[in-house]
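# Coordinates in review
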Amino acid sequence: MVLGFSIALIVFSLLLMLLVLMHKGKGGGLSDMFGGGMQSSVGGSSVAERNLDRITIVIGLLWFACIVVLGILMKVKS
């Protein structure tokens, strides 16, 4: 059980790093490499940016849940 959550934590950590790097910052980001640099001039976020935000939030919540579960498992185990 602990091994499974540890592997999930590693996977979620790597995904979270990748997703955060893909976000566009003030001066652009890695998302520009993947076509995120083309924005409409009407203002507001594109659909891709909003979906990237949502995916990042979900992966972040799953990452946090893995840490909490691992902490509980480690406490019960000892």
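Residues numbered from 1 in each chain as written. Predicted model: local features only at pLDDT ≥ 70, side-chain atom pairs only at ≥ 80, totals over all residues. Heavy atoms only, no water.

### What about the overall build of the protein?
Defined as follows: Working definition: helices are DSSP H or I runs of at least four residues, strands are E runs of at least two. Numbering for both runs from the N terminus. Partly exposed residues are those whose accessible area sits between 20% and 50% of the maximum for their type, while under 20% is buried and over 50% is exposed, using a 1.4 Å probe and protein chains only. It only takes one pair of heavy atoms within 4.5 Å for two residues to be counted as in contact. Computed by Shrake-Rupley with a 1.4 Å probe, the accessible areas treat only the displayed protein chains as cover when residues are assessed.
For the protein, the helix and strand inventory stands at 2 helices and 0 strands. Among the 78 residues that make up the protein, the fraction classed as buried is 14%. A separation threshold of at least 6 residues defines the contact pool for the protein, and within that pool the share at least 24 residues apart is 70%. By element, 74% of the accessible surface of the protein is carried by carbon and sulfur atoms, the whole surface being about 5,800 Å².

### A look at a nonpolar patch on the surface
How we decide: Two distance rules govern patches: like charges are joined within 9 Å, and nonpolar side chains (Val, Leu, Ile, Met, Phe, Trp, Tyr) within 5 Å, applied only to residues with over 30% relative accessible area and no salt bridge. For this document, the term salt bridge refers to a Lys or Arg side-chain nitrogen within 4 Å of an Asp or Glu carboxyl oxygen.
A surface patch of nonpolar side chains, amounting to about 560 Å² of accessible area, comprises Trp63, Phe64, Ile67, Val68, Ile72 and Val76. Residue placement: isoleucine 67 occurs in helix α2 (residues 47-77).

### What about the UniProt feature "transmembrane region" (unreviewed entry) in the protein?
To be explicit about the condition: UniProt positions are given in the numbering used here, feature names are shortened, and annotations may be inferred rather than shown by experiment.
The sites that UniProt annotates as "transmembrane region" (unreviewed entry) are residues 55-74. Counted over residues 55-74, helix gives 100% and strand 0%. Its end C-alpha atoms are 28 Å apart.

### Quick look at α2
The criterion, for reference: Expected helix span is computed as 1.5 Å times (number of residues minus one).
Taking 1.5 Å of rise per residue, 31 residues should cover 45 Å, and α2 covers 45 Å from first to last C-alpha, within 8% of that figure. Among all positions in α2, only Glu49, Leu52, Thr56, Ile59, Cys66 and Leu70 are buried. Among the structural elements, α1 (2-22) are those in contact with the buried residues of α2.

### Focus on the nonpolar core
Soluble globular proteins tend to bury their nonpolar side chains together. Cut-off, in case you're wondering: Note on terminology: a nonpolar core comprises buried Ala, Val, Leu, Ile, Met, Phe, Trp, Tyr and Cys residues joined through side-chain atoms within 4.5 Å.
The biggest cluster of nonpolar side chains holds 8 residues, and these are Leu9, Phe12, Leu16, Leu19, Leu52, Ile59, Cys66 and Leu70. Within the residue set of this core, elements represented by two or more residues are α1 and α2. Setting aside chain neighbours within four positions, we find cysteine 66 in contact with Phe5, Ala8, Leu9 and Phe12.

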